[in-house]
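Summary of structural features
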Amino acid sequence: MQIVKYVFQQHGDERGRLVALEEMKDIPFEIKRVYYLYETKERVHRGFHAHRNLEQILICIHGSCDVLLDNGTEKKVISLEKPYEGLFVPNYMWHEMYNFSSDAVLMVLASEYYKEEDYIRDYEVFLKMCKKDEDDDTV
């Protein structure tokens, strides 16, 4: 599994720091939706899904959290703790976010508008879809 973690350019001086993000330049897709999670309670896990089409960049702009990525064959845990780093989550990648610090703010940049039909929320269905894709590739 290839993990893509972006390190965004930082600008700053004695007044503080700034990170600017532009679609199709710093972010590899057009940004259709932005949302963020905050005040996530201790021991709470979020996510538990994959997407058929949507791609995402996850940026923990304050605090820290862990992200489990699962492509149906391999699993990896990535820590997000720097506001100038972003984790690319491609389509057909099961993901779970957890271990949020009490001050965590996790911002998500998404390539598509919200569509419930794009979500794969059943892990067993996700695994079957991954297996089917593997079988189709070997033909």
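First, a word on what this report is: a plain description of the structure on this page. Please read all numbers here as calculations on a predicted model, not as lab measurements. (Residues numbered from 1 in each chain as written. Predicted model: local features only at pLDDT ≥ 70, side-chain atom pairs only at ≥ 80, totals over all residues. Heavy atoms only, no water.)

For the rest of this paragraph, the subject is the overall build of the protein chain. In terms of regular secondary structure, the protein chain is built from one helix and 12 strands. Secondary structure of the protein chain in N-to-C order comes out as β-β-β-β-β-β-β-β-β-β-β-β-α. Taken over C-alpha atoms, the radius of gyration comes to 16 Å for the protein chain, in line with the 14 Å a tight globule of 139 residues would show. Expressed as lengths along the three principal axes of its C-alpha atoms, the size of the protein chain is roughly 60 × 35 × 25 Å. In the protein chain, which comprises 139 residues, the proportion classed as buried is 33%. A fraction of 77% describes how many contacts in the protein chain between residues 6 or more apart in sequence connect residues 24 or more apart. Accessible area for the protein chain stands at about 8700 Å²; split by element, carbon and sulfur atoms hold 47% of it. (Helix = DSSP H or I, 4+ residues; strand = E, 2+ residues; numbered from the N terminus. Rg over C-alpha atoms; globule rule 2.2 N^0.38 Å. Buried < 20%, exposed > 50% of the residue type's maximum accessible area, 1.4 Å probe, protein only. Contact = heavy atoms within 4.5 Å. Areas by Shrake-Rupley, 256 points an atom, 1.4 Å probe, with all protein chains shown as cover.)

Further remarks concern the side chain of D118. Examined against the element boundaries, D118 turns out to sit in the loop between β11 (105–110) and β12 (119–120). Although D118 lies buried, it forms no salt bridge, and the closest oppositely charged side chain, R52, sits 6.1 Å away as judged by the N-O distance. A distance of 2.7 Å separates the side chain of D118 from the backbone nitrogen of N53, its partner in a polar contact. With residues up to four places along the chain from it excluded, the contact list for D118 reads A50, H51, R52, N53 and L54. (Lys, Arg positive; Asp, Glu negative; His and termini not counted. Salt bridge = Lys/Arg side-chain N within 4 Å of Asp/Glu carboxyl O. Polar contact = N/O pair within 3.5 Å; in protein donor to acceptor, adjacent residues only side chain to side chain.)

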